[in-house]
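# A look at the structure
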Amino acid sequence: MTLALSIDNLRKTYDNGFEALKGISLEVKEGDFFALLGPNGAGKSTTLGIVSSLVNKSDGKVRVFGHDIDTHLTSAKLCLGVVPQEFNFNPFEKVFDIVVTQAGYYGIGRKRASERAEFYLRKLGLWEKRDVRARMLSGGMKRRLMIARALVHDPKMLILDEPTAGVDIELRRSMWEFLREINAAGTTIILTTHYLEEAESLCRNIAIIDHGRIIQNSTMKSLLAKLNMETFVLDLEQDIDSVPELDGYSVRLTDPHTLEVDVEKSKGLNPIFSQLSAMGYTVASMRNKANRLEELFVSLVDKNL
Amino acid sequence: MNSQLLLTAFWTIVVKEVRRFTRIWAQTLLPPAITMTLYFIIFGNLIGSRIGDMGGFDYMEYIVPGLIMMSVITNSYGNVVSSFFGTKFQHNIEELLVAPVPNWVILAGYVIGGMARGLAVGLIVTALSLFFTNLQIHHLGVTVSIVLLTSTVFALGGFINAVFANTFDDISIIPTFVLTPLTYLGGVFYSIELLPDFWQGVSQLNPILYMVNTFRYGILGVSDINVGFAFAMIIGFIVVLAGFSLHLLNIGKGIRS
């Protein structure tokens, strides 16, 4: 399997002495949907900035589809599309011009650039806004514009630095669908996000970075398998005065008809229902208290403090 | 990237730059037209008629080449410094940095964009001057080449200023405190023969004097300086400034952390 991205012992120390990356190594396979997670200031954006030539590295090797960015930067750049965290287009330019101009930077002639711009603007629901100046777009539209701009040269790998920040749920889900679609068509995607539900839903592999070091790098499946304990919230039909004793489970009463139950993976849920039923309580509904990945993320980052 | 792709990338930058200054024509093309018309009326007509001849020509004829050159200088510089700094400030320089565009193509694109505005304003001012004087061109080759070379020098200067600038104040300091005094003292309004020997010597340290006088030579056939030396000096400036600009881009000064 070809590696879309290979990072070896990457280090970055900024001019003010801050050591943002302390020798990280990472591999992303071609066709992967990869999540790079970490708390604010962990080094995610610095890593992606180095890969996309926006940040100078202090040491280490980066290869994009085998092209070393020190020796074959142009070839590496041709493989990459970048959607940064902050809006970085000229707000006074028209939507269509922004996308066509970006294609021009990749050597794509005006006619072909216009066709591609139309394709991606239609795909991302922005075609009607093509003659609008970018500053007039809503936050969600601006994010989609940056995705269209990053895809206009058909890159083999798309880097998305928090692409759904500030985007409403409906739009976020439609963006997920779009990203799944282009990933299925063969585009490797690297995603950073603070919405862990997003990473869990989209990504097959994951790395967690904290204080400039990789603290977890595995498949999403194997990471989630490490989760031993989950907390479920049970809404009861009847009011309850005191915390019921459930054999083998830790239980908390959060309000007169809501229980929180910690469930070990090995024990399952059936005994909870049977015990509550025997006590005369009926469970009206049940949900997982937290996103599973969120629980793991918090525990991993806490351990690293 | 092959040469066709490089040419497309270069042309994209140039078109973007030209589109920018034509879109905001009321800020870029109109003000110099109004200012220079006022210079023609006040200095050329009203005051000039009382000054009499300068360098063997009536005062209006004498100052027109200087005023055209002044427009070219300030607009070539101003276009690149404001455009590149704005691009940096709004972070849309990242659009170029992530793309496979070599640094020399980025530099060439911005410089040609600056030259385009300098030349556009130069042409507007030249056209306006025809309402006030009968402009004869003594040497077309010298006239055209000195305008192109001078606008290149100042477009490069504007680029370097923009690279080092961190605030909007930083892009107005050089034009206000360096460029404007040097231009006014660069023989736009007078011949340095009018100055005492000491100040003539000091004036000869001002590079703009050579540009203005070479352009005046191209139009009127008179100059306070040696035209051949002026061309050599300007080409030297271009080589040094272009080399320094490329170095700044290569190390990512002001644009990469």
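On a predicted model such as this, the values are computed, not experimentally measured, just so you know. (Residues numbered from 1 in each chain as written. Chains lettered and ligands numbered in written order. Predicted model: local features only at pLDDT ≥ 70, side-chain atom pairs only at ≥ 80, totals over all residues.)

### As for the overall build of chain A
For chain A, the count of helices and strands is 10 helices and 14 strands. For chain A, the spread of C-alpha atoms along the three principal axes comes to 75 × 45 × 40 Å. In chain A, buried positions account for 40% of the 305 residues. The contacts of chain A with a sequence gap of at least 6 include a subset with a gap of at least 24, amounting to 67%. (Helix = DSSP H or I, 4+ residues; strand = E, 2+ residues; numbered from the N terminus. Buried ≥ 20, exposed ≤ 12 C-beta atoms within 10 Å, placed from the backbone. Contact = placed C-beta atoms within 7 Å.)

### Considering the overall build of chain B
Assigned secondary structure in chain B consists of 11 helices and two strands. Taken over C-alpha atoms, the radius of gyration comes to 19 Å for chain B, in line with the 18 Å a tight globule of 257 residues would show. Dimensions of chain B along its principal axes, counting C-alpha atoms only, are 60 × 35 × 35 Å. The proportion of buried residues among the 257 residues of chain B is 46%. Residue pairs at least 24 apart in sequence account for 82% of intrachain contacts in chain B once pairs closer than 6 positions are excluded. (Rg over C-alpha atoms; globule rule 2.2 N^0.38 Å.)

### With respect to the interface of chain B and chain A
Across the boundary between the two partners, chain B contributes 20 residues, which contact 24 residues of chain A. Where the side of chain B that touches chain A is concerned, the elements lending two or more residues are α1 (3-23) and α5 (93-97) of chain B. Ranked by residues supplied to the side of chain B that touches chain A, first place goes to α1(B) with five residues.

### Some words on the nonpolar core
Judged by nonpolar contacts, the single largest core of 140 residues is most densely connected at A:Val99, A:Ala148 and A:Ile159. Among the elements that line this core, the one with the most residues is helix α4 (residues 59-89) of chain B, at 15 residues. If we skip the residues at most four places from it in the chain, A:Ile159 touches A:Leu48, A:Val51, A:Ser52, A:Leu80, A:Val82, A:Val83 and A:Ile190. Formed by five residues, the second largest nonpolar core is a distinct cluster that contains A:Leu234, A:Val261, A:Ile272 and A:Leu276. (Core = buried A, V, L, I, M, F, W, Y, C linked by C-beta atoms within 7 Å.)

### A few points about helix α5 (residues 139-151) of chain A
Note that an α-helix has 3.6 residues per turn; residues three or four places apart therefore point the same way. Residue and element names in this part refer to chain A. The terminal C-alpha atoms of α5 lie 19 Å apart, and with 13 residues this matches the ideal 18 Å at 1.5 Å per residue to within 8%. For α5, the complete set of buried residues consists of Arg-143, Arg-144, Leu-145, Met-146, Ile-147, Ala-148, Arg-149, Ala-150 and Leu-151. The inward-facing, buried residues of α5 abut β6 (80-83), α3 (95-105), α4 (110-123) and β7 (157-161). (Expected span 1.5 Å × (residues − 1).)

### Remarks on the confidence of the model for chain A
Confidence along chain A averages 88 in pLDDT terms, with 94% of residues attaining 70 or more. The least confident element of chain A is helix α10 (residues 292-304) of chain A, whose mean pLDDT is 67; the most confident is α3(A), at 96. (pLDDT = per-residue confidence, 0-100.)

### Let's talk about the UniProt feature "domain: ABC transmembrane type-2" (unreviewed entry) in chain B
Listed under "domain: ABC transmembrane type-2" (unreviewed entry) in the UniProt record, and renumbered for this structure, are residues 23-252 of chain B. Strand forms 2% of residues 23-252 of chain B and helix 77%; the C-alpha atoms that close the span are 29 Å apart. (UniProt positions renumbered as here; feature names shortened; annotations may be inferred.)

### Thoughts on the sheet that holds strand β12 (residues 250-255) of chain A
Residue and element names in this part refer to chain A. Read from one edge of the open sheet, four strands run β12-β13-β11-β14, paired in antiparallel fashion. Whereas interior strands pair on both sides, the edge strands pair on one side only; in this sheet they are β12 and β14 (283-288). Strand-to-strand twist in this sheet, taken as the mean axis angle between neighbours without regard to direction, amounts to 25°. Relative to strand β13 (residues 258-264), β12 runs antiparallel, the two sharing five bridges. Each residue of the ladder has a partner; that of Ser-250, found in β13, is Asp-262. (Pairing = 2+ DSSP bridges. Axes fitted to C-alpha atoms, helices over the stretch in contact; angles between N-to-C directions.)

### Digging into the pairing of strand β4 (residues 59-64) of chain A
Working note: regular strand, side chains alternate between the two faces of the sheet. Residue and element names in this part refer to chain A. Strand direction decides the pairing type here: strand β1 (residues 3-13) and β4, joined by five bridges, are antiparallel. Bridged to Arg-11 within β4 is Asp-59. Pairing analysis gives two bridges linking β4 to strand β5 (residues 67-68), with the strands arranged antiparallel. Bridge pairing in β5 links Val-64 to His-67. Counted along the chain from β4 to the antiparallel partner β5, the turn is two residues long, and its residue Phe-65 has a positive phi close to 50°.

### Thoughts on the UniProt feature "transmembrane region" (unreviewed entry) in chain B
Residues and elements named next belong to chain B. According to UniProt, the "transmembrane region" (unreviewed entry) feature falls on residues 30-47, 59-78, 104-132, 144-165, 171-192 and 229-249. Between the end C-alpha atoms of residues 30-47 there is a gap of 24 Å, over a span that is 100% helix and 0% strand. Split by type, residues 171-192 is 64% helix and 0% strand. Its first and last C-alpha atoms lie 30 Å apart.

### Quick word on the environment of B:Tyr62
All names here are of chain B. In this structure, Tyr-62 sits in helix α4. Looking at Tyr-62, the number of C-beta atoms within 10 Å reads 25, which means it is buried. Sequence separation of Tyr-62 and Val-111 is 49 residues, and the distance between their C-alpha atoms is 29 Å. If sequence neighbours within four positions are ignored, Tyr-62 has contacts with Met-54, Gly-55 and Phe-57.

### Considerations on the confidence of the model for chain B
Residues with a pLDDT of 70 or more make up 100% of chain B, whose mean pLDDT is 91. Reported confidences for the modelled complex are a pTM of 0.84 and an ipTM of 0.87.

### Re the domain arrangement of chain A
Looking at the assigned domains, one finds that chain A contains domain 1 (3-225) and domain 2 (229-304). Computed from C-alpha coordinates alone, the two centres of domain 1 of chain A and domain 2 of chain A are separated by 38 Å. (Domains from an automatic or database assignment.)

### A short note on the environment of A:Val233
Residue and element names in this part refer to chain A. Take Val-233: it is sitting in strand β11 (residues 229-236). For the pair formed by Val-233 and Gly-60, sequence separation is 173 residues and the distance between their alpha carbons is 47 Å. If near-sequence neighbours (up to four positions away) are discounted, Val-233 is found in contact with Thr-258, Glu-260, Met-286, Arg-287 and Lys-289.

### Here we look at the environment of A:Leu158
Relative to the helices and strands, A:Leu158 is located in strand β7. Discounting residues that sit within four places of it in the chain, A:Leu158 has contacts with A:Gly81, A:Ala150, A:Leu151, A:Thr187 and A:Ile189.

### Quick word on the packing of α1(B) against helix α6 (residues 103-129) of chain B
All names here are of chain B. In the contact formed by α1 and α6, the axes pass within 8 Å of each other and the chain directions differ by 35°. Read as a crossing pair, α1 and α6 show a hand that is right-handed. Contact residues: Leu-6, Ala-9, Phe-10, Ile-13, Val-14, Glu-17, Val-18 and Phe-21 in α1; Val-105, Ile-106, Ala-108, Gly-109, Tyr-110, Ile-112, Gly-113, Ala-116 and Arg-117 in α6. Considering only residue class, the contact of α1 with α6 consists of 13 nonpolar, two polar and two charged. (Left-handed = near helix turned anticlockwise from the far one by under 90°. Nonpolar A, V, L, I, M, F, W, Y, C, P; charged D, E, K, R; others polar.)

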